[in-house]
Amino acid sequence: MTVAVKEPSMLLQKEMIAGNYDAITSAHETGRKVSSTFVPGNLNELLMCFGILNNLPEINAIQNGMRRLSGDYIMEAEKGGHSEDVCTYVKADIGMMGRGNIAPNGKPFPEPDVLLLSYTGCYTFMKWFELLRAEYKCPTLMLHVPYEGDGHSTPNMIDYVVKQLKEVIIPGLEEVSGVKFDIDRLREILALSAKAEDDLVWCLETGKHKPSPIDAYFGGVYYIGPIFTAFRGTEEAVDYYTALRQEVKARLDAGQGPTLPDGSVLTDQKYRLVVEGPPNWTSFREFWQMFADEGAVVVASSYTKVGGMYDLGFRHDPADPLRSLAEYCLGCYTNRNLPSRVDILAQYVEDYEADGLLVNSIKSCNSFSAGQLMIMREVERRTGKPGAFIETDLVDPRYFSPANVKNRLESYFQMIDQKRRGANKAA
Amino acid sequence: MDMPVSKAGVIARRCESIVDDLSFQAARDWKAAEPGRKVVGFLPVYVPMELIHAAGCLPLGLFGGGDRIEVIHGDAYYQSYICRIPRSTIELGVTGRLDFVDGLLFPFVCDVIRNLSGMWKVMFPDVWTKFFDTPQNFDPEIGGTYYTHELRELRADLERLTGRDITDAALRASIALYNENRRLVRAVYDARAAEPWKAPAADVYVVMRAGLMMPVEEHNVLLADYLAALAIEDRPRKDNVRVAIFGSFCEQPPLALLKSIEMAGCYVVEDDYSLVNRFITEDVATDGDPLAALSTAYLRHSVETSCKYVPNEADKGRFHVERVKQTGAEGVIYAAPSFCDPALLDRPMICGRLSDAGIPNMSFKYAENSGQMQPIREQAGAFADSIKLWS
C-alpha cells in the first residue's frame, strides 16, 4: 500500500496523539497517574487540574482498527464469552488486554489508576467500565449524565451533574492524584478550551463554501482529534487549531479542496454530502477513496460532534466552570433525542447546501444507529433532498463489505444526478 | 379427551387470552367504561406505576408484539442487527393497535428503547411521549434528589395529560395498592419456588404479564385467587432440576420457549421476565412525602439488573447469586434476546459470578418470535442432565 499523503495539520495531530501515548506508557517512570475515560462528555480539563493523564479506550480501538489489529482482538474477546452482537470497541479493548495491552507505540499500557466513567449518550459505556473494573480493580468514578429525552436539559439535570462533579468526581480525583482541586486553575484551562473551540468551529463551517476546503468527515476526524481527546484545554490544542485554521484558510483563499490520501486535491467537487454516523476504521482509507473517486466531499457530519456541539454555540465557560462542564456533557450529539438530531441534520443539509444526507449505520453502535432509518426519511421529507443508507462497523473488519458499500454509493450518486436533471428540466 | 382444567389453570388461561390480545381489548374496555379515562403505556423495565394510577390512568405494560404479530412496517425502521422489540412495538403503533393509548413512557433500558422514545415523538406527535430516566447515582442526596425532581416532573406531566391534580393522599393510596400487589407477586413466586410442579412457568408468566394490562385492584384479587388455587393444585411432581432464568427482562420470549425449558426437564423457580412488578423488592413507605418514598424505594430496594449501574465491584452479580440460593435453584439459564446490549454485555460478568459461586450456568439467545424450539430443548435438556449427573 502506498503511504497516505496528509495535510500538515494531520501530521501535527498524529504527533500530538503519539506524544500522549508516550506520556501514558511512561507513567511508571514519571510517576503520573493515568485515567481511562470516554470521548463524549470527557472531562479533560478536570483531569488536567489533577495532573492525570487521559487514556481513551475508544481511541485505542480506533488505532487498532486502522492498524488492522482489531479483528484478532475482537475474536479473542468473543472466544472469552463476549457476544458477537455487542459493541466492537469494547471487544477490541478487551481483546487487546488479552494480548498484552500494547499501545500503538509498542509499549505496554500501564493499568489505569482510575476509571472515569463519564456516562454520556451511550449505554455501553456503563458496561464497558464495569468489565474493565473487574480486571483492574481500580477506583471507578461514575458521572451519570441524563439523556435529553425532551430535547433539552432541565435545571434538575444540570444540578444533578454539577452535584456529582462536586461530591463524587472531584473528591475522587483528589484522592487518586493527591492534588487539591483549584477552581481557578480549571478556569484558566477552560479559557484555553474555548479558544480552540472557536477555531475548530470556524474550520468546520468552511464546509459551507464551494468548493469546500475541508472534508468534514474523513478529514474531520483528524481535525477533532486533539479537542476530543487529551488536549482540550491545553496550549498545544490552541496552537494546533490556530495552525489548522491557517491551513484551511489558505485552501479557502486559493479555492482549493482538501488533500486526499493519494495526495491529490479534491477541488472538483461533484457531490456535497452530510454524513450521519461514525466512520469505519478498519478500511478507513479505502472508504474515503470511494467518495473521492466519485468527486464527493462531505461538507458536514454528526460524528465530528460526538465530543461536543460547538457549532451550535456551546463554549466552555471559565465564568461558571462546573455548570459549563455539565452543559457540555449534556449537549453532546448522542445525548440529544432523535427529533433534535433530525433538526440538526436537516439544518446541515440546508446550511451547507448539501445534495443530501448519507447515513453510515454502524452495527456496533445502537446509540447512533437505532432510529437512523427514520432520521433519514425525516431529513429527506423536510429538505426534499435524497438520502442513502450504508452499513459498516467501527473496528470489526468482518462487517466492511467494500463491494456493497461502493455499489450503494454509486447508486446514491446516480440518484442525486437524476434529481438534478429533474430539477433542471422543471426550471 | 381433554384433561379437566384446574382453577389455577382457568385463571392462567384467562390471563393468557389478555396477554395474547394485541388489540388490547381489556384496556380499551376499561377506557371506554367512563368518559375521560386515559391509558398510559410503558415499556420495560420499570416505571413507578403508582403515579400513573394516582392520576386515574391505567398503566399498560407494552412488551412488543411477541410471536403473534407479523412485522411489516417495523422492519423498515430497523437494521437487521437491532433487537425485535422496537420493531414490533413500531408495528403495533403504525397498525393502529395502540390508537387508544394517550401517553407512552419509555424508561431507561438501553439506547434502542431510549431512541425509540424520540421516534415515537416524531411518528405519533399527538401522543404524550416521555423518556423516563432513573438515576445511576444511588446516593439519596445526589441521585435521590435528582430522581425526586424527575418524579415531580412526571407528576406534573400526568396532571397536564389528565387535567386533574395528583394529591399526596391519592398517591399514598396507590402506593398501598401496589405494595399489596408486590406482596402478592412475591407470594406467587415463593409458592412456585416451594412447589414448582404446581405452577408451570408459562402460567406464572401470563399471570404476571396480564397484571400489567389491567387495573391493579383487579390484579390483586386475581393474584389472591391464583395463590389459593395453587394451594389446591394437584399436578404430578417430575424429576426436573430447578433453574433460575436471567437476562430476559426486556424483550420477552415466546410462551413456547418457556414451555420448552420445562419440557426439557427444568422447573423454573426464579426469573426476571417482564420485571416491572418485582423491580421494587420491599414495601414503599406510605407515610411522609410519597415522591421521596418512591425515590428511596428505587435507590435502596430495587433489583440488580443490567440497566442499573452497580457502584461496587464486589456487589456485581450478588443479587443473582442470592436469588439462586434463596429459591433453591440448582442452575441458571442466562437467556438473552439477540442483539440485547444490556443482557449480552452483562452476560460474562453475571455468568462469571455464578460460576465463582459454584452455580452451573448456560446461556442461549432468543427473539420474541423465535420459532425453532428443538435447539432450546436440546440445550436445556443437556443442561438439566448435566446438573443431575454431576452437580
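Residues numbered from 1 in each chain as written. Chains lettered and ligands numbered in written order. Predicted model: local features only at pLDDT ≥ 70, side-chain atom pairs only at ≥ 80, totals over all residues.

1. Description of the overall build of chain B
In step 1: A tally of regular secondary structure across chain B gives 14 helices and eight strands.
In step 2: Its C-alpha atoms give chain B a radius of gyration of 20 Å, near enough to 21 Å, the size a compact globule of 391 residues would have.
In step 3: Here the C-alpha coordinates of chain B stretch approximately 60 × 55 × 45 Å along the principal axes.
In step 4: Residues counted as buried form 54% of the 391 residues belonging to chain B.
In step 5: Sequence separation of 24 or more characterises 77% of the internal contacts of chain B that already satisfy a separation of 6 or more. (Helix = DSSP H or I, 4+ residues; strand = E, 2+ residues; numbered from the N terminus. Rg over C-alpha atoms; globule rule 2.2 N^0.38 Å. Buried ≥ 20, exposed ≤ 12 C-beta atoms within 10 Å, placed from the backbone. Contact = placed C-beta atoms within 7 Å.)

2. Here's the deal with the overall build of chain A
In step 1: Each helix and strand counted, chain A has 17 helices and eight strands in total.
In step 2: The C-alpha atoms of chain A give a radius of gyration of 21 Å, which matches the 22 Å a tight globule of 427 residues would have.
In step 3: Of the contacts made within chain A by residues no fewer than 6 positions apart, 77% connect residues no fewer than 24 positions apart.

3. Points about the pairing of strand S4 (residues 128-132) of chain B
In step 1: The element S4(B) is largely enclosed, with a buried count of four among its five residues.
In step 2: With helix H5 (residues 111-123) of chain B bridging strand S3 (residues 103-107) of chain B and the parallel S4(B), this β-α-β connection has right-handed handedness. (Right-handed = clockwise from strand over helix to strand, strands pointing away.)

4. Details of unusual backbone geometry
In step 1: The peptide bond linking Lys210(A) to Pro211(A) adopts the cis configuration, its omega dihedral lying at -5°.
In step 2: When you line up the elements, Pro211(A) lands in the loop between helix H9 (183-205) and helix H10 (220-228).
In step 3: Non-glycine residue Phe24(B) carries a positive phi angle of around 55°.
In step 4: The topology assignment puts Phe24(B) in the loop between helix H1 (7-20) and helix H2 (25-32).

5. Some thoughts on the domain arrangement of chain A
Residues and elements named next belong to chain A.
In step 1: Partitioning chain A into structural domains gives domain 1 (8-181) and domain 2 (186-426).
In step 2: Between domain 1 and domain 2, the C-alpha centre-to-centre distance is 23 Å.
In step 3: At the interface, 52 residues of domain 1 touch 47 residues of domain 2.
In step 4: For the side of domain 1 that touches domain 2, the secondary-structure elements that each account for two or more residues are helix H1 (8-25), helix H3 (44-49), helix H4 (57-66), helix H5 (70-79), helix H6 (88-98) and helix H8 (155-177).
In step 5: It is H1 that provides the largest number of residues to the side of domain 1 that touches domain 2, a total of eight residues.
In step 6: The residue inventory of the side of domain 1 that touches domain 2, partitioned by class, reads 29 nonpolar, 18 polar and five charged. (Domains from an automatic or database assignment. Nonpolar A, V, L, I, M, F, W, Y, C, P; charged D, E, K, R; others polar.)

6. Structural notes on the environment of Lys249(A)
In step 1: In this fold, Lys249(A) is placed in helix H11 (residues 235-254).
In step 2: Separated by 46 residues in the primary sequence, Lys249(A) and Cys203(A) place their C-alpha atoms 8.2 Å from one another.

7. Quick notes on the sheet that holds strand S5 (residues 241-246) of chain B
Residues and elements named next belong to chain B.
In step 1: Pairing in this open sheet of four strands is parallel, and the strands run S6-S5-S7-S8 from one edge to the other. Strand pairing shows two members of the sheet lacking a second neighbour, strand S6 (266-271) and strand S8 (361-366), which therefore form its edges. Each strand of the sheet is rotated relative to its neighbour by a mean of 30°, with strand direction disregarded.
In step 2: The pairing of strand S7 (residues 331-337) with S8 spans six bridges and is parallel. (Pairing = 2+ DSSP bridges. Axes fitted to C-alpha atoms, helices over the stretch in contact; angles between N-to-C directions.)

8. Some details on the nonpolar core
In step 1: One finds Leu117(A), Val274(A), Leu345(A), Val207(B), Val243(B) and Ile261(B) to be the most contacted residues of the largest nonpolar core, which totals 265 residues.
In step 2: Aside from chain neighbours lying at most four places away, what touches Leu345(A) is Val274(A), Glu276(A), Ser302(A), Leu357(A), Ile375(A) and Val379(A). (Core = buried A, V, L, I, M, F, W, Y, C linked by C-beta atoms within 7 Å.)

9. Examining the interface of chain A and chain B
In step 1: At the junction of the two partners, chain A supplies 41 residues and chain B supplies 42 residues.
In step 2: Among the elements of the structure, helix H7 (124-136), strand S4 (140-144), H8, helix H14 (338-351), helix H15 (366-369) and helix H16 (372-383) of chain A are those that each provide at least two residues to the side of chain A that touches chain B.
In step 3: The residue makeup of the side of chain A that touches chain B, split by class, is 17 nonpolar, 14 polar and ten charged.

10. Some thoughts on the sheet that holds strand S1 (residues 39-42) of chain B
All names here are of chain B.
In step 1: Spatial ordering of the open sheet is given by S2-S1-S3-S4, a layout of four strands whose pairing is parallel. Edge positions in the open sheet fall to strand S2 (58-61) and S4, since each of these has one partner strand only. With direction set aside, neighbouring strand axes in the sheet form an average angle of 25°.
In step 2: Judged from the four bridges that link them, S1 and S2 form a sheet pairing that is parallel. From the neighbouring strand, Val39 faces S2, where its bridge partner is Leu58.
In step 3: Here H2 sits on the sheet in contact with S1 and S2, set at roughly 170° to S2.

11. Considering helix H13 (residues 321-330) of chain A
In step 1: With seven of ten residues buried, H13(A) is to be regarded as a mostly interior element.
In step 2: In this fold, the buried residues of H13(A) make contact with H3, strand S3 (114-119), H8 and H9 of chain A.

12. Points about the packing of helix H7 (residues 168-194) of chain B against helix H9 (residues 216-231) of chain B
Residue and element names in this part refer to chain B.
In step 1: The contact between H7 and H9 brings their axes to 9 Å, and the two run at 25°. Taken together, the axis directions place H7 and H9 in an arrangement best described as roughly parallel. Handedness of the H7/H9 crossing: left-handed. Facing Leu177, Tyr178, Glu180, Asn181, Leu184, Val185, Ala187, Val188 and Ala191 of H7, the residues of H9 in contact are Val216, Glu217, His219, Asn220, Leu223, Ala224, Tyr226, Leu227 and Leu230. (Parallel < 35°, antiparallel > 145°, perpendicular 65-115°, else oblique. Left-handed = near helix turned anticlockwise from the far one by under 90°.)

13. Focus: H7(B)
Residue and element names in this part refer to chain B.
In step 1: Compared with the 39 Å implied by 1.5 Å per residue over 27 residues, the 38 Å span of H7 between its first and last C-alpha is a close match.
In step 2: Buried within H7 we find Leu171, Arg172, Ser174, Ile175, Tyr178, Leu184, Val185, Val188, Arg192 and Ala193.
In step 3: In this structure, the buried residues of H7 make contact with helix H3 (49-54), helix H8 (201-211), H9, S6, helix H11 (290-300) and helix H12 (318-327). (Expected span 1.5 Å × (residues − 1).)

14. So, the environment of Thr89(B)
In step 1: Assignment of secondary structure puts Thr89(B) in helix H4 (residues 85-94).
In step 2: Measuring from C-alpha to C-alpha, the distance between Thr89(B) and Phe63(B) comes to 7.6 Å, with 26 residues separating the pair along the chain.

15. As for the environment of Arg237(B)
In step 1: Relative to the helices and strands, Arg237(B) is located in the loop between H9 and S5.
In step 2: For the pair Arg237(B) and Glu195(B), spaced 42 residues apart in sequence, the C-alpha to C-alpha distance is 8.6 Å.

16. Points about the packing of H6(A) against H7(A)
Residues and elements named next belong to chain A.
In step 1: Their axes nearest at 11 Å, the elements H6 and H7 cross at an angle of 10°. Accordingly, the angle class assigned to the pair H6 and H7 is roughly parallel. Contact residues: Val90, Ile94 and Met97 in H6; Thr124, Trp128, Leu131 and Glu135 in H7.
In step 2: A breakdown of the residues in the contact of H6 with H7 according to their chemical character gives five nonpolar, one polar and one charged.

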